[in-house]
Amino acid sequence: MRLKGIDPVLMMALVLVQLIGFLGIFSATYKDGISPLFLKQFLYTVLGWIMLIVITFTNFRMLYDMAPVIYMLNLFFLVLVPLFGKTVYGAKRWLDLGPFSLQPSEFMKFSLLLFITYILGHTKKSVSKESVILMLAFLIPAILTLKQPDLGTAVSYGIILLSLLFFKGVRLRFFFALGFLLLVLSPLVWHFLKDYQRERIMAVIDPYADYAGSGYQLIQSVIAVGSGGIVGKGLLKGTQSHLLFLPEKHTDFIFSVIAEEGGFVLSLLLLSLYFLLIYRLITYGMRIYDGNQRLFLGGAVSLLLFQVFVNLMMTMGLMPVVGIPLPFVSFGGSSVLTFSILLGVCFSIVREYRLKDIHFEEKL
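Residues numbered from 1 in each chain as written. Predicted model: local features only at pLDDT ≥ 70, side-chain atom pairs only at ≥ 80, totals over all residues. Heavy atoms only, no water.

Looking at the pattern of salt bridges
- According to the stated counting rule, one finds 6 salt bridges in the structure shown.
- When the shortest N-O distance is used, the salt bridge between D65 and R61 registers 3.5 Å. With D65 and R61 both in helix 3 (residues 60-65) and 4 residues apart, the pair spans about one turn of that helix.
- A relative accessible area of 43% means that D65 is categorised as partly exposed.
- R61 gets classed as partly exposed once you look at its relative accessible area, which sits at 44%.
- The shortest N-O distance in the salt bridge between R93 and D150 comes to 4.0 Å. Linking R93 in strand 2 (residues 91-96) with D150 in the loop between helix 6 (129-146) and helix 7 (151-168), this pair joins segments that are 57 residues apart in sequence. For the pair shown, R93 and D150 are each scored as buried. (Salt bridge = Lys/Arg side-chain N within 4 Å of Asp/Glu carboxyl O. Helix = DSSP H or I, 4+ residues; strand = E, 2+ residues; numbered from the N terminus. Buried < 20%, exposed > 50% of the residue type's maximum accessible area, 1.4 Å probe, protein only.)

Considerations on the sheet that holds strand 2
- One open sheet holds the 3 strands; their spatial order is 1-2-3, and the pairing between them is antiparallel. Every interior strand has two partners, whereas the edge strands, strand 1 (86-88) and strand 3 (101-102), have only one.
- Bridge analysis of strand 1 against strand 2 gives 3 bridges, and the strand direction is antiparallel. Bridging across to strand 2, K86 finds its partner in W94.
- Strands strand 1 and strand 2 of the sheet are contacted by helix 4 (residues 67-84), whose axis makes an angle of about 110° with strand 2. (Pairing = 2+ DSSP bridges. Contact = heavy atoms within 4.5 Å. Axes fitted to C-alpha atoms, helices over the stretch in contact; angles between N-to-C directions.)

Comments concerning the packing of helix 8 (residues 172-192) against helix 9 (residues 195-205)
- The geometry of helix 8 relative to helix 9 is characterised by a closest axis approach of 8 Å and an angle of 120° between their N-to-C directions. In terms of orientation, helix 8 and helix 9 fall into the oblique class. Seen from helix 8, the contacting residues are W190, H191 and F192; seen from helix 9, they are R198, I201 and M202.
- Here the contact of helix 8 with helix 9 is composed, by residue class, of 4 nonpolar, 1 polar and 1 charged. (Parallel < 35°, antiparallel > 145°, perpendicular 65-115°, else oblique. Nonpolar A, V, L, I, M, F, W, Y, C, P; charged D, E, K, R; others polar.)

Describing a nonpolar patch on the surface
- Together, F180, L181, V184, L185, L188, V189 and F192 give the surface a local cluster of nonpolar side chains, amounting to about 710 Å² of exposed area.
- Position of V189 relative to the elements: it lies in helix 8.
- When its relative accessible area of 46% is taken as the criterion, V189 is described as partly exposed. (Patch = residues over 30% accessible without salt bridge, like charges linked within 9 Å, V, L, I, M, F, W, Y side chains within 5 Å. Areas by Shrake-Rupley, 256 points an atom, 1.4 Å probe, with all protein chains shown as cover.)

Side note on the nonpolar core
- Ranked by size, the top nonpolar core spans 91 residues in total, and within it L270, F296 and L326 carry the most contacts.
- Contacts of L270, omitting those with residues within four sequence positions, involve V17, I20, F255, I258, L326 and V329. (Core = buried A, V, L, I, M, F, W, Y, C linked by side-chain atoms within 4.5 Å.)

Here's the deal with helix 4
- Over its 18 residues, helix 4 runs 26 Å from end to end, which matches the ideal 26 Å to within 8%, given 1.5 Å per residue.
- When we look at burial in helix 4, the residues that qualify are A67, I70, Y71, N74, L75, L78, L80 and V81. (Expected span 1.5 Å × (residues − 1).)

As for the packing of helix 4 against helix 5 (residues 104-121)
- Contact pair helix 4 / helix 5: the axes reach a minimum separation of 9 Å and the direction vectors enclose 150°. Taken together, the axis directions place helix 4 and helix 5 in an arrangement best described as roughly antiparallel. When you trace helix 4 past helix 5, the crossing you get is left-handed. Contacts between helix 4 and helix 5 involve A67, P68, I70, Y71, N74, L75, F77, L78 and V81 from the first element and P104, S105, F107, M108, F110, S111, L112, L114, F115 and Y118 from the second.
- Considered class by class, the residues forming the contact of helix 4 with helix 5 number 16 nonpolar, 3 polar and no charged. (Left-handed = near helix turned anticlockwise from the far one by under 90°.)

Next comes the structure, spelled out in structure tokens:
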């Protein structure tokens, strides 16, 4: 297996992001020794890299042609969740497979991205039978995910759909009209939200109104991020996390741990690495001529950017608390594997482009 065509900058950026994630999870889960959760995350990351490397050397066209099968298989597992799923903290999102749990809604991010790319690749008219399939492909998993309940993941499906429509060339007036419609319907949407979801939204406006309740996580997270200063308090020395003030510190609020113990310096490094990943993938997307590959890259970058943005804004108290993990950093096997597969396909597209570019230069 030749390494020709691999972009070392993308690989290096991903490795460094994961190393920072390991530091955060090691500290967040440490208690009289290395935590089993840390070891679990390490194993998931190793498995993720195996999948990423295999997919990197797999032709995109083959994965593209398999998109309907991959989507239907994932949808089957998603349907099994309300029937046989495991409930954790009042949410039924996982299938218990013995030594590990599978979260089908997380894997659906990749399946939906690939399948919508496939549908749009076969759509020639603005209104066609493919448009109906497109809406059903989005609505079915979105409704099933909302029932779990998992609003954050369902919203990420919407981001995938809208970003792919944008990169397909749908006119901007459609997005303006959709935004206006959502604004008009917002009172109705508010009515259908669950009580805890409304409380989380109100907590952003005034977290101290319910200090011990809905505002507690945001307040503790903001304290952790702010107390890190320039260089941080040092590994295992974060008071908010190790004195148990900060809930969900190894999952949704892992950035708070990193910011408190690594300070502005480590936080800036992590953000710079994400920026490097996203910017470089965008650069390749602008050069690639294949429309389907360009669509997939655009959707993948949009999803990555959305999750990074929402998670960071949430930990800084600027957005409501939602179940959006920080890619490759938050604890969670399904998230690690999903984004490993996602970036594996991106790296495959990049590798194919770079090989063609190398062959062209050799001919010259």
